[in-house]
Amino acid sequence: MKDRRNDITSRKVVVHLSDRRWVVPRIHGGDIDGASVSRRPGHAHPVQLATLIVAGVFLLLGVLGFVPGITTGYGDMTFAGHHSGARLLGLFQVSVLHNLLHLGFGVAGLVLARTVAGARVYLVGGGALYLGLWIYGLAVGEESAANFIPLNDADNWLHLGLGFGMILLGLLLSARTGGSGGRLDRPFDRP
């Protein structure tokens, strides 16, 4: 019987990035290690850096939502629901749940930024999620029981901007990832 380890590592994939040529082992039927598609060893891809920045902003917002003074009406903050009177920067309605969601989304970004594919998923998928949240915020009234996060008009328009901004970052910064000629739907190791 053949040694499967030798069989897998004997096949190579050639990856062209800018003016550099990389030869990396093919692992598990074509998936390669996310680090091998970085532009230079030890340096993050631009989509990974963008993901780290976006995730950092969400972590910062999640923490600031619990800081009195930065969050006005801090004493009126509820766990969830539209009755929360707390406003981040005096503008964006927040609750404990809303702040925890920001923190969780930030942590998810830090985890997914470890690979180019994960960073792309975070930005594009998260952007789509925020566009959905924008639509949800417009559909439910501010005083509705369905507004459990809670969301106000300022939150809704911020979610619109975040949604489009994250999707654009995810698509534009990863358009040439893996040498696919700008196509995100074709793996780089197949014609």
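Criteria and cut-off values
- Residues numbered from 1 in each chain as written.
- Predicted model: local features only at pLDDT ≥ 70, side-chain atom pairs only at ≥ 80, totals over all residues.
- Heavy atoms only, no water.
- Helix = DSSP H or I, 4+ residues; strand = E, 2+ residues; numbered from the N terminus.
- Expected span 1.5 Å × (residues − 1).
- Buried < 20%, exposed > 50% of the residue type's maximum accessible area, 1.4 Å probe, protein only.
- Contact = heavy atoms within 4.5 Å.
- Phe/Tyr/Trp six-rings, centres within 6.5 Å; stacked < 30°, edge-to-face > 60°.
- Axes fitted to C-alpha atoms, helices over the stretch in contact; angles between N-to-C directions.
- Parallel < 35°, antiparallel > 145°, perpendicular 65-115°, else oblique.
- Left-handed = near helix turned anticlockwise from the far one by under 90°.

*Asks:* Whenever I open this one, helix α3 (residues 96-112) confuses me. Can you help?
*Replies:* Note on helix geometry: an α-helix contains 3.6 residues per turn, so any two residues three or four positions apart are oriented the same way. In this model α3 runs 24 Å from its N-terminal to its C-terminal C-alpha over 17 residues, within 8% of the 24 Å that 1.5 Å per residue would give. Every buried residue of α3 is accounted for by Leu 97, His 98, Asn 99, His 102, Phe 105, Gly 106 and Gly 109. On its buried face, α3 is in contact with α2 (46-64), β5 (92-93), α4 (116-139) and α5 (153-172).

*Asks:* Explain the packing of aromatic side chains to me, please; I cannot follow it from the model alone.
*Replies:* Given two aromatic rings, one states the distance between the centres and the angle between the planes to describe the pair. Within this structure, the stated rule accounts for 6 aromatic pairs. When the ring of Trp 134 is compared with that of Trp 157, the centres are 5.9 Å apart and the planes differ by 55°; the resulting orientation is tilted. Separated by 23 residues along the polypeptide, Trp 134 in helix α4 and Trp 157 in helix α5 bring together distant segments of the chain. For Trp 134, a relative accessible area of 19% puts it in the buried group. In textbook terms, an aromatic cluster arises when at least three aromatic residues are bridged by ring pairs, as seen for Phe 58, Phe 105, Tyr 122 and Tyr 130.

*Asks:* Is there a simple way to explain the side chain of His 98 in this structure?
*Replies:* With respect to the helices, strands and loops of the structure, His 98 is situated in helix α3. Apart from residues no more than four positions distant in its own chain, His 98 is found in contact with Gln 93, Ile 149, Pro 150, Leu 151 and Asp 155.

*Asks:* What's the story with the packing of α2 against α3 in this structure? I'm lost.
*Replies:* Describing two packed helices takes the angle between their axes plus the distance from one axis to the other. It is at 7 Å that the axes of α2 and α3 come closest, and there the two elements cross at 155°. The orientation of α2 with respect to α3, classified from their angle, is roughly antiparallel. Seen along the crossing, α2 lies across α3 with a hand that is left-handed. Mapping the contact onto sequence places Thr 51, Leu 52, Ala 55, Phe 58, Leu 59, Leu 61, Gly 62 and Val 63 in α2 and Asn 99, His 102, Leu 103, Phe 105, Gly 106, Val 107, Gly 109 and Leu 110 in α3.

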